[in-house]
Amino acid sequence: MGLLDILLGRTRPVAPDLDRLFALPSAAVTLEAATGFTPTGRGAVCFATVEGAAFEQTHHEVQALLDADTDRTGPPVRLLRDEHGYSWLVSHRSPDELSLLVNDLHAVNSAMEVNGFGPQLLCSLAGFADTGGRPLALVYLYKRGTFYPFAPLPGQEQRRDNALELQVKAVLEDDLRLEPDLSRWFPVWGAPGL
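Source: prediction; values computed, not measured.

Conventions and cut-offs
Residue numbers restart at each chain and count upward from 1, following the sequence in its written direction. Under the rules for a predicted model, residues below a pLDDT of 70 receive no local features and side-chain atom pairs below 80 are neither given nor counted, while totals for whole chains, interfaces and linings still include all residues. Water and hydrogen atoms were dropped before computing side-chain values, which therefore reflect all heavy atoms in the structure. The secondary structure listing takes helices from DSSP runs of H or I that are at least 4 residues long and strands from runs of E that are at least 2 residues long, numbered from the N terminus. Type-normalised accessible area, obtained with a 1.4 Å probe on protein chains alone, sets the label of each residue: buried when under 20%, exposed when over 50%, and partly exposed for intermediate values. Residue contacts are counted whenever heavy atoms from the two residues lie within 4.5 Å of one another. To obtain each axis, a line is fitted to C-alpha atoms, and for helices this fit is confined to the stretch in contact; angles are then taken between N-to-C directions over 0 to 180 degrees. Working rule for angles: under 35 degrees goes down as roughly parallel, over 145 as roughly antiparallel, 65 to 115 as roughly perpendicular, anything else as oblique. Each crossing gets its handedness from the near helix: less than a right angle anticlockwise from the far helix is left-handed, clockwise is right-handed. The classification used treats Ala, Val, Leu, Ile, Met, Phe, Trp, Tyr, Cys and Pro as nonpolar, Asp, Glu, Lys and Arg as charged, and all other residues, Gly among them, as polar. Definition used in this section: a nonpolar core is a set of buried Ala, Val, Leu, Ile, Met, Phe, Trp, Tyr and Cys residues joined via side-chain atoms within 4.5 Å. Salt bridge, as applied in this entry: a Lys or Arg side-chain nitrogen positioned within 4 Å of an Asp or Glu carboxyl oxygen.

Engineer: How should I be thinking about the environment of Leu-105 in this particular structure?
Structural biologist: Here Leu-105 is to be found in helix H4 (residues 98-114). In this structure Leu-105 comes out as buried when scored by relative accessible area, which is 2%. Put simply, Leu-105 and Leu-89 are 16 residues apart on the chain and 8.8 Å apart in space, counted from C-alpha to C-alpha. Aside from chain neighbours lying at most four places away, what touches Leu-105 is Leu-21, Gly-43, Ala-44, Val-45 and Leu-125.

Structure, rendered in C-alpha cells:
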C-alpha cells in the first residue's frame with residue numbers, strides 16, 4: 001500500500017485464508033455447548049457461474065475428486081444453480097463428519113482458486129440445526145476472509161432471526177474470525193446446504 005493510498009483512505013482487500021475453514025469443527029463444539037445447534041452434515045460453496053470449457057473442466061475435476069472418496073456417506077456431490085444464476089456445489093456428510101465436510105469445502109475453494117477462478121468464489125457455508133429443527137448457517141465470505149451466522153426464520157418468507165445471529169456472534173467471537181461489518185452479513189435465502 002502506497003502513501004497515496006494511505007492519504008486517500010484506501011485499504012487493501014483482505015486476502016482470503018481458506019485455512020480458516022478448518023476452525024469450524026472446534027467452533028461447532030462451542031456452538032453446541034452454548035446454543036444447542038449441531039452440524040447437519042450439509043454444506044456448500046457458492047460461486048458466480050462462468051461459461052467456458054476451462055470452468056466446466058474445473059467443476060468436473062472437483063466433483064470427481066470429492067466423489068472419489070470411498071468413505072462418503074449420503075448423496076454424491078451436486079452442482080445446483082439458484083434463481084439468481086449463482087452455482088452451488090453441495091456436499092452431504094453424516095452430521096458427525098463436520099471435519100470431512102470442511103475438507104470438501106476447502107477442496108472446492110482451493111481447486112477453484114488454483115485454476116484461476118478465485119474471483120468467482122463468493123462464499124461457503126456449513127449447516128446447523130437445533131433440536132427443534134431451526135436452521136443456522138455459518139457462512140465464510142471468501143473475499144473478506146471472515147465468517148458470519150445466518151439464521152432464517154422457519155416458515156417465514158425471507159425473515160431472519162437477528163437475535164440468534166447476534167447470540168451466535170457473541171458465542172463464537174473467540175473461535176472464528178467474524179465479519180465485524182453487519183451490513184456484510186448477506187442473507188443466503190434458499191441456499192442449498194442450509
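That covers the picture; the talk isn't over yet.
Engineer: Hey, could you run me through the packing of helix H2 (residues 24-35) against H4 in this one?
Structural biologist: Any two packed helices are characterised by how steeply their axes cross, that is the angle between the axes, and by the distance between the axes. One can describe the packing of H2 onto H4 by two numbers: an axis separation of 9 Å at closest approach and a directional angle of 135°. Relative to H4, H2 is oriented oblique. For H2 against H4, the interelement crossing comes out right-handed. In this structure, H2 uses Leu-24, Pro-25 and Ala-28 to contact H4, whose residues at the interface are Leu-98, Ser-99 and Val-102. Grouping the constituent residues of the contact of H2 with H4 by class yields five nonpolar, one polar and no charged.

Engineer: Help me understand the nonpolar core, please; the structure alone is not making it clear to me.
Structural biologist: As a rule of thumb, soluble globular proteins bury nonpolar side chains together. The biggest cluster of nonpolar side chains holds 37 residues, and the ones touching the most others in it are Leu-21, Leu-24, Leu-31, Phe-128, Leu-138, Leu-172 and Leu-176. Residue assignment for this core shows that the elements contributing at least two residues are H2, strand E1 (38-48), helix H3 (53-67), H4, strand E4 (121-129), strand E5 (135-141) and helix H5 (162-172). Looking at this core, the element that brings in the most residues is H4, giving eight residues. Ignoring anything within four residues of it in the chain, the contact list for Leu-176 reads Ala-23, Leu-24, Ala-27, Leu-138 and Phe-147.

Engineer: Looking at this model, I keep getting lost on the pattern of salt bridges. Mind explaining?
Structural biologist: Note on pairing: side chains with opposite charge can pair once their charged atoms come close. Going through the model one piece at a time under the given rule, you end up with six salt bridges. Here Arg-134 makes a salt bridge to Asp-161, at a shortest N to O gap of 3.5 Å. Of this pair, Arg-134 sits in the loop between E4 and E5 while Asp-161 sits in the loop between strand E6 (146-150) and H5, and the two are 27 residues apart along the sequence. Owing to a relative accessible area of 33%, Arg-134 belongs among the partly exposed residues under this scheme. Among the ionic pairs, Arg-160 bridges to Glu-165, the shortest N-O distance being 3.0 Å. Its relative accessible area of 2% is what places Glu-165 among the buried residues. Salt bridges here are not isolated pairs; linked through shared partners, they connect Asp-130, Arg-134 and Asp-161.

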